[in-house]
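# Inside the fold
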Amino acid sequence: MSSEWQNTTLGQICAAQGGAIQTGPFGSQLHTSDYKEVGIPVVMPTNIGDGGIVVDNIARIDQADVDRLSQHKLQIGDIVFSRRGDVTKNALIRQHEVGWFCGTGCLKVRLGDESIANAKFISHCLRLPDIKGWLIRHAVGATMPNLNTGILAAVPIHLPPLKVQLEIAAVLGTLDDRITLLRETNATLEAIAQALFKSWFVDFDPVRAKIEGRVPEGMDETTAALFPDGLEESELGLVPRGWRIGTIDELCEVITNGGTPSRSKAEFWTDGSTPWFKTGDFSDGFLLTPVERITDAAVAGSSVKILPADTILMAIYAAPTVGRLGVLTEPAAFNQACTGMLAKKSVGPWFLYLALYFGRVWFNSRANGAAQQNISKAIVSSYKVVIPQPDALAEFHRFAECL
């Protein structure tokens, strides 16, 4: 019965169950020299995905440092938040992550004995769009949103009876497992497309094979005929004969920066239907769940633009975020920290996406040289790429569309 649900807060739940909300260690407690290549994983803000830990490039420290700062060791059911930046994501600590370390820049929510609230259920609650919106509105800081223990303690929770929580958490856990499997499948397919793009358009393997009188590996005769049998000098070095050097701008039908509707106008953000993305919402892949949505009034009354599905978004602010990519799965808007690019039909989104992906080092080198560590739409537009003959480009597009 909905009448059995109670309105409470995250802080009240923690207090009732003997839990706590705690800030991670200060930088003075862990120095750069303390981080090792081998050791106990340290969960930093960059490791917090939407619901779980992202282990790519995770930092590590010695067991002695973990023991020295044992109050920051993670237990099963702990929920970790980023203290600054993208404050909407949280990660639930699972069995295999027990003993890992809550790093600098994070907040740890420990719910306690779970006599009235289940950690898995609360973690899902904290990922609801309404709660994410609440966190964004209440985070402090003029230039970068910041959370603190007081803000997290005040997060409103509509809490059902424990039995209902467990039932809901079980269903959502099954869906999470399914989503994880689909993401892993997408990652595998994307890796295949990346490998093919690198072979054809970066290393020029089919061309080099033909120069050596070999049949290109794994390629039928018809496809092999799309590649020349020689290389020639260009401003980017040796490239296949007959191919040319162009720019990202030439590959795009549309290339534009986004915008942010005024936060002071509630009518721009209340009950919106148009997805609105920030760079923190994506990390090289499809954009499935926006944290925020905006209204038609926001679109009409601001500088935001709506671009269609298959638009590529690229982060252009704040190295090392510069170069992070996302792909729209539906018409959506995005903020000014992104450049949106819609590929020409003759190019296709995957060639554009991977050309940008393999240019990340170049983009970051431009960002690192700037005071604000940003790049611009003009820099993205002018990035030079090798453009193959139309038949080879069409064959790659056909292959990528089948993945």
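Look above for the structure.
Now for a quick tour of the structure. What you are looking at is a predicted structure, and each value in this text was computed from that prediction instead of being measured.

Rules used throughout
Residues numbered from 1 in each chain as written. Predicted model: local features only at pLDDT ≥ 70, side-chain atom pairs only at ≥ 80, totals over all residues. Heavy atoms only, no water. Phe/Tyr/Trp six-rings, centres within 6.5 Å; stacked < 30°, edge-to-face > 60°. Helix = DSSP H or I, 4+ residues; strand = E, 2+ residues; numbered from the N terminus. Buried < 20%, exposed > 50% of the residue type's maximum accessible area, 1.4 Å probe, protein only. Lys NZ or Arg CZ within 6 Å of the ring centre and 35° of its normal. Contact = heavy atoms within 4.5 Å. Axes fitted to C-alpha atoms, helices over the stretch in contact; angles between N-to-C directions. Parallel < 35°, antiparallel > 145°, perpendicular 65-115°, else oblique. Left-handed = near helix turned anticlockwise from the far one by under 90°. Nonpolar A, V, L, I, M, F, W, Y, C, P; charged D, E, K, R; others polar.

## Description of the packing of aromatic side chains
Following the criterion strictly, the structure yields 18 aromatic pairs and no others. Seen from their ring centres, F197 and F201 are 5.3 Å apart, and the 65 degrees between their planes marks the pair as edge-to-face. Taken together, the residues F197 and F201, both in helix α6 (residues 162–202) and four residues apart, mark about one turn of the helix. A residue is classified by how much of its surface remains accessible, and F201, at 5% relative accessible area, is buried. By the ring-pair criterion, three or more aromatic residues cluster together here, those being F197, W200, F201, F204, F227, W243, F351, Y357, F358 and F396. Here the guanidinium or amino end of R263 rests over the ring plane of W269, the centre of that ring lying 3.9 Å away.

## Details of the pairing of strand β21 (residues 338–343)
With six of six residues buried, β21 lies mostly within the body of the structure. Residues C338, G340 and L342 of β21 are buried on one face, and the alternating residues T339, M341 and A343, pointing to the opposite face, are buried as well.

## So, the environment of F334
Tracing the backbone shows F334 in strand β20 (residues 333–334). Overall, F334 belongs to the buried group, its relative accessible area being 0%. Sequence-distant contacts of F334, that is, excluding residues within four places in its chain, are made with T256, N257, G258, G259, W276, F277, K305, L307, L313, T339 and G340.

## Here we look at the packing of α6 against helix α14 (residues 390–402)
A packed helix pair is summarised by two numbers, namely the angle formed by the two axes and the spacing between the axes. Where α6 meets α14, the axes come as close as 11 Å, and the angle between the chain directions of the two elements is 170 degrees. Relative to α14, the element α6 is oriented roughly antiparallel. When you trace α6 past α14, the crossing you get is right-handed. Together, I192, A193, L196, F197, W200 and F201 of α6 and A392, E395, F396 and F399 of α14 make up the contact between the two elements. Looking at the contact of α6 with α14 residue by residue, the class counts come to nine nonpolar, no polar and one charged.

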